[in-house]
Amino acid sequence: MVLWIIFPISLSLVSFIGTWTVYGLAVFNNHVCSLGDWGDGNDCRGNGSSSCCLVPTISSSGSLAPENSLFTATINAGSFLFLLFCIFHHSHIMERHACRSILSKVALVFGVVAAVGTFIAGNCNQRDLTLVHNFGAAISFVCICFYTALLAALTRKCVLTGHEKVLCPLRIISAVVQTIVTISYTVLYFHHEYFYIHLSAIFEWMLSINLELFELSYAMEFYFFSSFMLSNLLSSRDEVKPLMMS
């Protein structure tokens, strides 16, 4: 049971190390401007020189070779692990607090859709398939806001660790931050001035770090997680099928 705490830690570390490594490579290759560079003199918008750089969003950091391969691999691994995270957490709730099944299922739907949206964004290069990439990213951002809020609500309603008095306020704060920063990021993203676009990029990195910390906090729940909870979830579905057929 104790070994399950490795899972949320791995999920957070894969996303954190992968995205920041991609960013580091992109800055090193002058593909994106540094997050600390607020000047717009070297920005590629309206600048056709070969030495210009892109706004340092997470997506633009992984839009050019060679870092685009690592970006796609990181997003694929992260979205798959996040999908498993959603399923595992749902099975934990169903095992310990089946009375909250509806709320947990709604959260599961938002989590799965967020994982799919992230997968779409990661596999559709922002430069080549801008519309599809932005569509997947938008779905992911919105669904993650709902997912974190619902999981914070489940933390308040369901006792899984005995430390909910500490975890619940922290997750509520994290969910509120995720929502506010997502709205701010969306508004600034469509601005024309470089300062605000650069600020939106910083907000996007804040969203990534906030979500990683949110996921990391579930090491507490996964300490009490067991594989039999998954088998019970699958067996309960098998029991439903004959009832549906009769």
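Residues numbered from 1 in each chain as written. Predicted model: local features only at pLDDT ≥ 70, side-chain atom pairs only at ≥ 80, totals over all residues. Heavy atoms only, no water.

J.: I tried to follow the confidence of the model for the protein chain on my own but got confused; where do I start?
T.: Note that predicted coordinates carrying low pLDDT should not be read in detail. Residues at a pLDDT of 70 or more form 91% of the protein chain, whose mean pLDDT is 90. Here residues 238-246 scores under 50 on pLDDT; set against residues more than four positions off or in separate chains, the count is 0 contacts. (pLDDT = per-residue confidence, 0-100. Contact = heavy atoms within 4.5 Å.)

J.: Is there a simple way to explain the packing of aromatic side chains in this structure?
T.: The relative placement of two aromatic rings is captured by the distance of their centres and the angle of their planes. All chains considered together, the criterion is met by 23 aromatic pairs. Arranged with centres 5.2 Å apart and planes meeting at 55°, the rings of F7 and F88 form a pair that is tilted. Remark: F88 occurs in helix α3 (residues 67-96) and F7 occurs in helix α1 (residues 6-28); sequence separation between them is 81 residues. The residues F7 and F88 share a single accessibility class, namely buried. Note on F82 and F85: the rings are 6.2 Å apart at their centroids and 20° apart in plane angle, and the pair reads as stacked. A residue pair is termed a helical-turn pair when its members lie 3 or 4 positions apart in one helix, as F82 and F85 do in helix α3 at 3 residues. When its relative accessible area of 6% is taken as the criterion, F82 is described as buried. Through a chain of ring-to-ring contacts, three or more aromatic side chains come together here, namely W4, F7, F82, F85, F88, Y147, F214, Y218, F222 and F225. Residue placement shows R171 over the ring face of Y218; its charged tip is 3.6 Å from the ring centre. (Phe/Tyr/Trp six-rings, centres within 6.5 Å; stacked < 30°, edge-to-face > 60°. Helix = DSSP H or I, 4+ residues; strand = E, 2+ residues; numbered from the N terminus. Buried < 20%, exposed > 50% of the residue type's maximum accessible area, 1.4 Å probe, protein only. Lys NZ or Arg CZ within 6 Å of the ring centre and 35° of its normal.)

J.: Can you walk me through the state of the cysteines in this structure?
T.: Here a disulfide denotes a covalent bond joining the sulfur atom of one cysteine to the sulfur atom of another. According to the stated counting rule, one finds 1 disulfide in the structure shown. The disulfide partner of C33 is C53, and the gap between their sulfur atoms is 2.0 Å. One quick way to see it: the torsion about the S-S bond of C33 and C53 is about 90°, and its sign makes the bridge right-handed. Note that C33 is positioned in the loop between α1 and α2 (58-61) and C53 in the loop between α1 and α2, a separation of 20 residues in sequence. Residue C53 is classed as buried on the basis of its relative accessible area of 2%. C145 takes part in no disulfide bond, and the closest cysteine sulfur, belonging to C143, lies 9.2 Å away. Sulfur of C168: no disulfide; nearest cysteine sulfur belongs to C158 and is 11 Å away. Taking the relative accessible area as the measure of exposure, C168 reaches 9% and is therefore buried. (Disulfide = S-S within 2.5 Å.)

J.: For this particular structure, what's the right way to read the packing of α3 against helix α5 (residues 130-157)?
T.: Running from N to C, α3 and α5 cross one another at 30°; their axes reach a closest spacing of 13 Å. Judged on the interaxial angle alone, α5 and α3 are roughly parallel. Judged by the twist between their axes, the crossing of α3 over α5 is left-handed. Seen from α3, the contacting residues are F82, F85, C86 and H89; seen from α5, they are Y147, L151 and L154. (Axes fitted to C-alpha atoms, helices over the stretch in contact; angles between N-to-C directions. Parallel < 35°, antiparallel > 145°, perpendicular 65-115°, else oblique. Left-handed = near helix turned anticlockwise from the far one by under 90°.)

J.: Help me out: how do you make sense of the pattern of salt bridges in this one?
T.: One side chain can pair with another of opposite charge once the charged atoms of both are near each other. According to the stated counting rule, one finds 1 salt bridge in the structure shown. The salt bridge partner of R171 is E221, with a shortest N-O separation of 2.7 Å. With a gap of 50 residues between them, R171 in helix α6 (residues 164-189) and E221 in helix α8 (residues 219-223) connect regions that are remote in the sequence. The class of R171 is buried, set by a relative accessible area of 2%. (Salt bridge = Lys/Arg side-chain N within 4 Å of Asp/Glu carboxyl O.)

J.: In this structure, what is going on with the nonpolar core? I would like to understand it.
T.: Nonpolar side chains tend toward joint burial in soluble globular proteins. One finds F82, F85, Y147, L151 and F222 to be the most contacted residues of the largest nonpolar core, which totals 27 residues. Residue assignment for this core shows that the elements contributing at least two residues are α1, α3, α4 (101-123), α5, α7 (194-216) and α9 (227-245). If sequence neighbours within four positions are ignored, L151 has contacts with F85, H89, A107, F214 and Y218. Residues V22, L35, L54 and W205 belong to the second largest nonpolar core, which totals 10 residues. (Core = buried A, V, L, I, M, F, W, Y, C linked by side-chain atoms within 4.5 Å.)

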